[in-house]
Amino acid sequence: MSEAVTYELIHEDKNSGARRGVIHTPHGDIETPIFMPVGTQATVKSMTPEELKEEVKAQIILSNTYHLYLRPGHEIVKEAGGLHNFMKWDRPILTDCGGFQVFSLSDLRTISEDGVEFKSHLDGSKHFFSPEKVMEIQEALGADIIMSFDECVEYPASYEYTKQSMERTTRWAIRCKNAHKNTDKQALFGIIQGGFYEDLRKKSAEDLIALDLPGYAIGGISVR
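First, a word on scope: everything that follows refers to the structure included in this document. (Residues numbered from 1 in each chain as written. Predicted model: local features only at pLDDT ≥ 70, side-chain atom pairs only at ≥ 80, totals over all residues. Heavy atoms only, no water.)

1. Focus on the overall build of the chain
For the chain, the helix and strand inventory stands at eight helices and eleven strands. Against the 2.2 N^0.38 benchmark of 17 Å for 224 residues, the chain shows a C-alpha radius of gyration of 17 Å, consistent with a compact globule. Along the first, second and third principal axes, the C-alpha atoms of the chain reach 50 × 45 × 30 Å. Across the chain, contacts joining residues at least 24 apart in sequence account for 64% of those joining residues at least 6 apart. Taken as a whole, the chain presents about 11,600 Å² of accessible surface, with 51% of it coming from carbon and sulfur. (Helix = DSSP H or I, 4+ residues; strand = E, 2+ residues; numbered from the N terminus. Rg over C-alpha atoms; globule rule 2.2 N^0.38 Å. Contact = heavy atoms within 4.5 Å. Areas by Shrake-Rupley, 256 points an atom, 1.4 Å probe, with all protein chains shown as cover.)

Pasting the structure below:
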């Protein structure tokens, strides 16, 4: 994977190809497959870090770049010692890139080749997310695994638009890779897109694999 995150294969099923393994990160190991609780704004709602560890047995949690950027702000989190210290969680963290908000807040954003301009759902203020900005925010947050910026298209979407979006997502992944500097502490994962078109998904996977990123996620499957 990378100097920051490595994967160890423990077993692979001969019939299904299902794998059991361990992801090694700077903040501990993750035995896969794993359920990852969502702590969008640096907290899993109604649960303390101790409950997550002792009762849920969570090995990794997810937080969100878009929401943490708006409040309390990535610079504040950085000054607090990064997301792990900010939320008192000493196990691995993954931060999403904000790409899902590009889909879910479609009435509040405009997409271009450069990135996405959006109006805050909190106060209507305008902000701009480029791949480079997304890397800056995630590096300030300090998660172990960070995601490249992508667009998650709605369902249904036309073949032509989905193709354009998928190709732009790949170009954004290249820009994220070029902008990502904290490679010794954070692993950058790409996100496969292409809607529900098999050939576009195959093309997206092939193009992202060619970038030799530490890992990959399957994006844009359960959307309406």
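2. Section: the pattern of salt bridges
If you walk through the whole model with that rule in mind, you get eight salt bridges. Of the charged contacts, one joins Glu132 and Arg175 as a salt bridge, the two residues approaching to 2.8 Å between their closest N and O atoms. Pair noted here: Glu132 is in helix H6 (residues 131–141) and Arg175 is in helix H7 (residues 159–179), with a separation of 43 residues, a long-range link. Judged by relative accessible area, Arg175 falls into the partly exposed class, the value being 23%. Between Glu136 and Lys133 there is a salt bridge, and its shortest N-O distance comes to 3.2 Å. Highlighted residues: Glu136 and Lys133, both in helix H6, separated by three residues, approximately one helical turn. We classify Lys133 as partly exposed; its relative accessible area is 22%. (Salt bridge = Lys/Arg side-chain N within 4 Å of Asp/Glu carboxyl O. Buried < 20%, exposed > 50% of the residue type's maximum accessible area, 1.4 Å probe, protein only.)

3. Side note on H6
Considered for burial, the residues of H6 that qualify are Pro131, Val134, Met135, Ile137, Gln138, Ala140 and Leu141. Downstream of H6 by one or two residues, Gly142 has phi in the positive range, about 80°.

4. Some words on the packing of aromatic side chains
Within this structure, the stated rule accounts for nine aromatic pairs. A cation over a ring is seen here: Lys53 above Trp89, with NZ or CZ 5.9 Å from the ring centre. The ring of Trp172 is capped by Arg168, whose NZ or CZ atom sits 5.9 Å from the centre of that ring. (Phe/Tyr/Trp six-rings, centres within 6.5 Å; stacked < 30°, edge-to-face > 60°. Lys NZ or Arg CZ within 6 Å of the ring centre and 35° of its normal.)

5. Topic: the packing of H6 against H7
Taken N-terminus to C-terminus, the directions of H6 and H7 make an angle of 45°; their axes are 8 Å apart at the nearest point. The angle between H6 and H7 falls in the class oblique. Relative to H7, H6 is oriented so that their crossing is right-handed. Where H6 abuts H7, its residues Pro131, Glu132, Met135 and Glu139 lie against Trp172, Arg175, Cys176 and Ala179. Class assignment for the residues of the contact of H6 with H7 results in five nonpolar, no polar and three charged. (Axes fitted to C-alpha atoms, helices over the stretch in contact; angles between N-to-C directions. Parallel < 35°, antiparallel > 145°, perpendicular 65-115°, else oblique. Left-handed = near helix turned anticlockwise from the far one by under 90°. Nonpolar A, V, L, I, M, F, W, Y, C, P; charged D, E, K, R; others polar.)

6. Side note on the environment of Leu211
Following the sequence through the fold, Leu211 ends up in the loop between helix H8 (198–209) and strand E11 (215–218). Placed 45 residues apart in sequence, Leu211 and Met166 show a C-alpha to C-alpha distance of 15 Å.

7. A closer look at the pairing of strand E2 (residues 19–25)
Sheet topology places strand E1 (residues 6–12) next to E2; six bridges connect them, and they run antiparallel. What sits directly across from Glu8, in E2, is Val22. Hairpin remark: E1 followed by E2, antiparallel, with six residues in the connecting loop; positive phi at Gly17, about 85°. As paired strands, E2 and strand E3 (residues 28–32) are joined by five bridges and run antiparallel to one another. Paired with Gly21 across the two strands is Thr32, which belongs to E3. Following E2, the chain reverses through two residues before pairing antiparallel with E3. (Pairing = 2+ DSSP bridges.)

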